[in-house]
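# Secondary and tertiary structure notes
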Amino acid sequence: MMRFILFVSIILLCSSCAFWDHPVSNTIEIGKTVWGSSTRALEEARDKAITKTYDKPYWDCVRSTIAVVGKRKWVIFKKDEIKGYMVVMGVKGCVDTTEIGIFFDELSDTQTRVEVTSLSTNAKRKVSKALFHGLDIAFAYLPPDPPEPIELPKTGQNTTAPAP
């Protein structure tokens, strides 16, 4: 009985015409989707991405983006620097599992387009604003943010005994 259910499941997964156009890549994509690491939805949403082009080489943009992500304490869920993307999660103010795609397009040796996309418009806006601000500072387009003031704990009453 289990073999029959498995057989029917495989047939249903492979029954679309699109599957047979590229059976190997589609089998891998089905596995990624089941596993939870597919970037297909983010790639398809790139036409609605928020973009900014920097007059910097590809690898400078990638390294600086990783630094900004680390400073913001976002989680890099998936990254492929060669294919030019990373998926981040853990953005404050969004659901922890919301995936945000950051894509890099090398336009020339000295120019790179950075795209931020997500199925969540709120997450896409938050990440693009923070990421582009961080990259602008990293590339010296903006001055660094002023340091945050350090709050000292309130001491309350003087507890030292008076000198005799």
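What counts and what doesn't
- Residues numbered from 1 in each chain as written.
- Predicted model: local features only at pLDDT ≥ 70, side-chain atom pairs only at ≥ 80, totals over all residues.
- Heavy atoms only, no water.
- Helix = DSSP H or I, 4+ residues; strand = E, 2+ residues; numbered from the N terminus.
- Buried < 20%, exposed > 50% of the residue type's maximum accessible area, 1.4 Å probe, protein only.
- Contact = heavy atoms within 4.5 Å.
- Areas by Shrake-Rupley, 256 points an atom, 1.4 Å probe, with all protein chains shown as cover.
- Salt bridge = Lys/Arg side-chain N within 4 Å of Asp/Glu carboxyl O.
- Phe/Tyr/Trp six-rings, centres within 6.5 Å; stacked < 30°, edge-to-face > 60°.
- Axes fitted to C-alpha atoms, helices over the stretch in contact; angles between N-to-C directions.
- Parallel < 35°, antiparallel > 145°, perpendicular 65-115°, else oblique.
- Left-handed = near helix turned anticlockwise from the far one by under 90°.

On to the overall build of the chain, then. Counting secondary structure elements, the chain contains 6 helices and 5 strands. By the burial criterion, 32% of the 164 residues in the chain qualify as buried. At a minimum sequence separation of 6, the contacts of the chain that also span at least 24 residues come to 50%. Total accessible area on the chain stands at roughly 11700 Å², and carbon and sulfur atoms take up 60% of it.

The topology assignment puts I137 in helix α6 (residues 121-138). By relative accessible area, which is 23% here, I137 ends up partly exposed. With 73 residues separating them along the chain, I137 and S64 place their C-alpha atoms 9.9 Å apart. When residues no more than four places from it in sequence are discounted, the contact partners of I137 are L142, P143, P144 and D145.

This part takes up the pattern of salt bridges. One pass over the full model with this rule turns up 7 salt bridges. Two residues, E81 and K79, come together in a salt bridge whose shortest N-O distance is 3.6 Å. Since its relative accessible area comes to 28%, E81 is described here as partly exposed. Taking the shortest distance from any N to any O, the salt bridge between D105 and R113 comes out at 3.1 Å. On the basis of relative accessible area, R113 is assigned to the partly exposed category, the value being 26%. Beyond isolated ion pairs, a larger network of salt bridges with shared partners links R46, D105, R113 and E115.

Applying the stated criterion across every chain, the model contains 7 aromatic pairs. Ring centres 6.0 Å apart and planes at 5° place the aromatic pair Y54 and Y141 in the stacked group. Of this pair, Y54 sits in strand β1 (residues 50-54) while Y141 sits in the segment after α6; the two residues are 87 residues apart in sequence, bridging distant segments of the chain. Both rings, one in Y58 and one in W59, keep their centres 5.1 Å apart while their planes meet at 90°; by these two values the pair is edge-to-face. By relative accessible area, which is 37% here, W59 ends up partly exposed.

On to unusual backbone geometry. In this structure, K73 is a non-glycine residue whose phi angle is positive, near 65°. Within the element layout of this structure, K73 appears in the loop between α5 (58-72) and β2 (75-80). Positive phi values are uncommon outside glycine, yet A140 reaches one of about 65°. For A140, the position within the fold is in the segment after α6.

Right, let's get into the environment of R125. Inspection of the secondary structure puts R125 in helix α6. A residue is classified by how much of its surface remains accessible, and R125, at 55% relative accessible area, is exposed. Taking the C-alpha atoms as reference, R125 lies 9.5 Å from A49; in sequence the two are 76 residues apart.

At their nearest, the axes of α5 and α6 sit 9 Å apart, and the two run at 120° to each other. Compared by their axis directions, α5 and α6 come out oblique. The chirality of how α5 crosses α6 is right-handed. The residues of α6 that touch α5, namely those facing C61, S64, T65, V68 and R72, are A130, L131, G134, L135 and A138.

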